[in-house]
Each structure stands twice: as C-alpha cells, then as structure tokens.
Amino acid sequence: MTSKETVQHPMEFQRPEQQHGFAVKMMELLVIPTFVLDSNCKVIIWNRACERLTGVPAYEVLGTSEHWRSFYAKARPTLADLVMQGRTEEIHALYHQQGHRTATCNNLGVENWCDMPRVGQRRYLAVDASPIYANDGRLVAVVETLRDMTDEKRAQVALQQLATRDGLTGLANRRCFDDTLQAEWLRALRQQQALSLLMVDVDNFKEYNDVHGHVGGDACLQRIAGAVASEMRANDLVARYGGEEFAVILPNQSLKGAAIVAERIRERVEQLQQPRQHGGRQCVTVSIGAATALPILGASASQLLATADAALYRAKHMGRNRISLPETDVI
C-alpha cells in the first residue's frame, strides 16, 4: 500500500438500501432488547433480545400496534408511543414510579415496573426512547431500548427497608418515625388538619425480661407490635421508638379519635394474656399517652412529642395499664 492509498470502510461500497439492510441486521442481533415504531406506531423491528425479555416472538407484533401487550396487562402507551405521538407531557403521570427522566440529545429515559404478562413476572425496566428524523425534519421512527433492572431495584428496596424498618418487629424504626412525624406535621400545617400522636410503653417489661429471658422478651415485643399495628388505618404509622416503647402517628385525627384508638390498643395487648411470671395471673399491659395538635406557624412537632411523652408519664404514675390525655390540644 502506497502513502496515497486509503482504507475504505465496507459500508462505503454499499448502496443506500444495502446500508439500511445492514443496519437493520445489526439491530436484530444487538444483545440489548430493542424495538422500533414507525410513524403510525406500528412495530417494524422487534429484535431477538426483546423476544427473550418479553417472551413474545417478533411475528406476533411486527406490523401491529399491539406491542403494549408485551409489557402491560391493560392498554397503555409505551415510551416510544408517547414520543411518536408528541405526548411526552404524559410521561410524568404514566411513569409515576420512574427512577429518572432525562432529555438530552432528544433522548428520553425512564424507569418503571412492567407487568410482563407473557413472562408471568413483573420486571423493573429502564427504558430509553430515541426519535429518528428524516432529512426534511419529519419524525419517521422511534427506537426504544430496554434494560432489565429488577434485581438492582429489589436490592435497593431491601436496603431502604433496612434503613427504615426495625429488625425485630418489622415496624418503622426511630429514623423513619422522626422523618414521618416531621412530614406529617408540615402536611397538617398546609392543610390545617389535626395531627395526633400516641406513645405506647410496655409496663414492667424489665420484670418480664428477667423471668423469660431476652429471647422471650423479644417474642413478647413482636406480639405487642402486631397488636398495635392491627389497629392502624392505611395512612397511620406505628414505629418502634426504642426498647419497649412504640409511637403511633395518626394524621387528621382528633384527640377524641386518638383516645379511641389508644383504648383499642390497650385492650388488644391485654387480650394477648402474656403472663409476666411463669404461671402467674398478672399479664403484660401497656400504658399510653396521647396528644393532638392543629399545627401553626412557629410551632414544631417536638411540642407534640413532648406533650404525648408527658401524658405517658402520667399514665405510668397513675398505675399503668391505662391511657392518659392532655387537658387541651397542644397548639
């Protein structure tokens, strides 16, 4: 080869239609699950990796707009559909579990749980959609690529649970309680709603531990945690506050309503009939302090917590196995 000679890429010897066929073939063989929609939102490419991911062979979807059935149990557009139809403003509503959204170089990326009906198992997919434009600027196709991130997502969820859940009882931990109380306080302030709090303490728990040992004590706390949690509404939060103490956040609940919940908890624990002594008649009970606030600017959730704590102390001082309420609301 002389110094004037140059090396040409094989594609340079091919006619445009040959180059197009080569590109399609390469996309078919990609290890990344990929499909392509034309301007009518019909599937023109459904590669082998996409077949493996969805369990749907290409011949079932090519030339159709039924590709959504590969991902969802009910009809809804894919990200590629939204891009092709100019409906990207709907992404936020449709991908409410999205992990990220980017808009660089005309590419969009989201993350979402998909039903995957043919596979029979939900998968968490990272999805990217890239629009393809003709020379005159017309949008002629959209390429959607998919990445299965189910294992990573489940690991993330497990780590989040470790960070927010009490290992013994499965209830929210102290950190989660603190964050939730602050968030609910701010929400109650915005919506001008009452916020109630219960502090629940197991009576004479040291005595129980001394008799039954720490293993028996742990089992007792687990049963009490279940009893407390059984009285909660969907938007309530029960947490292990520390040791043998539990805390209950009751959003949009009056003091009267909180007292009713507290009494139900007290009765439910008493009905467990957990003997404090081997063969003894005295059973494990709880004392509960309740407080309610209608948050105002300048006040804080710590005042609500202090009032509930003081009420709990009074319940203990008055003989245990009872509930105690403040004379008035906190704020």
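Residues numbered from 1 in each chain as written. Predicted model: local features only at pLDDT ≥ 70, side-chain atom pairs only at ≥ 80, totals over all residues. Heavy atoms only, no water.

Asks: Whenever I open this one, the overall build of the protein confuses me. Can you help?
Replies: Looking only at helices and strands, one finds 10 helices and 11 strands in the protein. A buried classification covers 42% of the 331 residues belonging to the protein. For the protein, the share of sequence-separated contacts (at least 6 apart) that also reach a separation of at least 24 residues comes to 56%. As displayed, the protein has an accessible area near 18000 Å², and 52% of this comes from carbon and sulfur atoms. (Helix = DSSP H or I, 4+ residues; strand = E, 2+ residues; numbered from the N terminus. Buried < 20%, exposed > 50% of the residue type's maximum accessible area, 1.4 Å probe, protein only. Contact = heavy atoms within 4.5 Å. Areas by Shrake-Rupley, 256 points an atom, 1.4 Å probe, with all protein chains shown as cover.)

Asks: Even after reading the chapter, I still don't get the packing of aromatic side chains, so can you show me in this structure?
Replies: To describe a pair of aromatic rings, one takes the distance between the centres and the angle between the planes. This model, assessed by the stated rule, comprises seven aromatic pairs. Ring geometry for Phe177 and Tyr241: centres 5.4 Å apart, planes at 90°, overall edge-to-face. Here the residue Phe177 occupies a position in helix 7 (residues 174-191), and Tyr241 occupies one in strand 8 (residues 237-242), the gap between them amounting to 64 residues. Residue Tyr241 is classed as buried on the basis of its relative accessible area, which comes to 13%. Counting every residue linked through ring pairs, the aromatic cluster contains Phe35, Trp46, Phe71 and Tyr72. For the cation-ring pair, Arg76 lies above Tyr95, with the distance from its terminal atom to the ring centre recorded as 5.0 Å. (Phe/Tyr/Trp six-rings, centres within 6.5 Å; stacked < 30°, edge-to-face > 60°. Lys NZ or Arg CZ within 6 Å of the ring centre and 35° of its normal.)

Asks: How should I be thinking about a nonpolar patch on the surface in this particular structure?
Replies: On the surface, Leu30, Val31 and Ile32 cluster together into a nonpolar patch covering about 280 Å² of accessible area. Position of Leu30 relative to the elements: it lies in the loop between helix 1 (16-29) and strand 1 (34-38). (Patch = residues over 30% accessible without salt bridge, like charges linked within 9 Å, V, L, I, M, F, W, Y side chains within 5 Å. Salt bridge = Lys/Arg side-chain N within 4 Å of Asp/Glu carboxyl O.)

Asks: What should I look at first to understand the confidence of the model for the protein in this one?
Replies: In low-pLDDT regions, the fine details of the predicted coordinates are not to be read closely. Taken over all residues, the pLDDT of the protein has a mean of 88, while the share at 70 or more is 88%. Taken as a whole, residues 1-14 scores under 50 in pLDDT and shows seven contacts with residues more than four places along the chain or in a different chain. (pLDDT = per-residue confidence, 0-100.)

Asks: Explanation requested: the sheet that holds strand 7 (residues 195-202) in the structure shown.
Replies: Sheet strands line up and pair through hydrogen bonds in the backbone, either parallel or antiparallel. A sheet is described by the order of its strands in space; here five strands give the open sequence 8-9-7-10-11, paired in mixed fashion. Looking along the sheet, the strands with just one partner apiece sit at the ends: strand 8 and strand 11 (323-324). Of the strands in this sheet, strand 7, strand 9 (245-251), strand 10 (286-293) and strand 11 are in contact with helix 9 (residues 255-270), which crosses strand 10 at around 165°. On top of the sheet, helix 10 (residues 301-317) reaches strand 7, strand 8, strand 9, strand 10 and strand 11; it is set at about 145° to strand 10, its chief contact. (Pairing = 2+ DSSP bridges. Axes fitted to C-alpha atoms, helices over the stretch in contact; angles between N-to-C directions.)

Asks: So what exactly am I meant to see when it comes to the pairing of strand 10 here?
Replies: Consecutive side chains along a regular strand alternate between the two faces of the sheet. In terms of residue burial, strand 10 counts as a mostly covered element, since eight of its eight residues are buried. Alternating positions in strand 10 separate into two faces, Val286, Ile288, Ala290 and Thr292 on one and Ser287, Gly289, Ala291 and Ala293 on the other, with burial throughout. When strand 7 meets strand 10, the two strands line up antiparallel, connected through eight bridges. Bridged to Val200 within strand 10 is Ile288. Of the pairings in the sheet, the one linking strand 10 to strand 11 comprises two bridges and is parallel in character. Bridge assignment links Ile288 to a residue of strand 11, and that residue is Ile323. Crossover connection from strand 10 via helix 10 to parallel strand 11: handedness left-handed. (Right-handed = clockwise from strand over helix to strand, strands pointing away.)

Asks: Quick question: what am I supposed to make of helix 10 here?
Replies: Think of an α-helix as turning once every 3.6 residues; residues three or four places apart then point the same way. For helix 10, built from 17 residues, the straight-helix expectation of 24 Å at 1.5 Å per residue is met to within 8% by its first-to-last C-alpha distance of 25 Å. Residues of helix 10 that are buried include every one of Ala301, Leu304, Leu305, Ala308, Ala311, Leu312 and Ala315, and no others. All buried residues of helix 10 lie within an arc of 125° about the axis, which places them on one face of the element. Turned more than 90 degrees away from the buried face of helix 10 sit Tyr313 and His317, all of them exposed. Elements that come into contact with the buried residues of helix 10 comprise helix 7, strand 7, strand 8, strand 9, strand 10 and strand 11. (Expected span 1.5 Å × (residues − 1). Arc of directions from axis to C-beta.)

Asks: I keep staring at the pattern of salt bridges and nothing clicks. Help me out?
Replies: Pairs can form between side chains of opposite charge once their charged atoms are near each other. In this structure the tally under the stated criterion is 17 salt bridges. Here Asp148 ties to Arg123 by a salt bridge, and the two come within 2.8 Å at their closest N and O atoms. In this pair, Asp148 sits in strand 6 (residues 139-148) while Arg123 sits in strand 5 (residues 123-133), placing the two residues 25 residues apart along the sequence. Here Arg123 falls in the buried class, since its relative accessible area comes to 15%. Linking Arg264 and Glu231 is a salt bridge whose minimum nitrogen-to-oxygen distance equals 2.7 Å.

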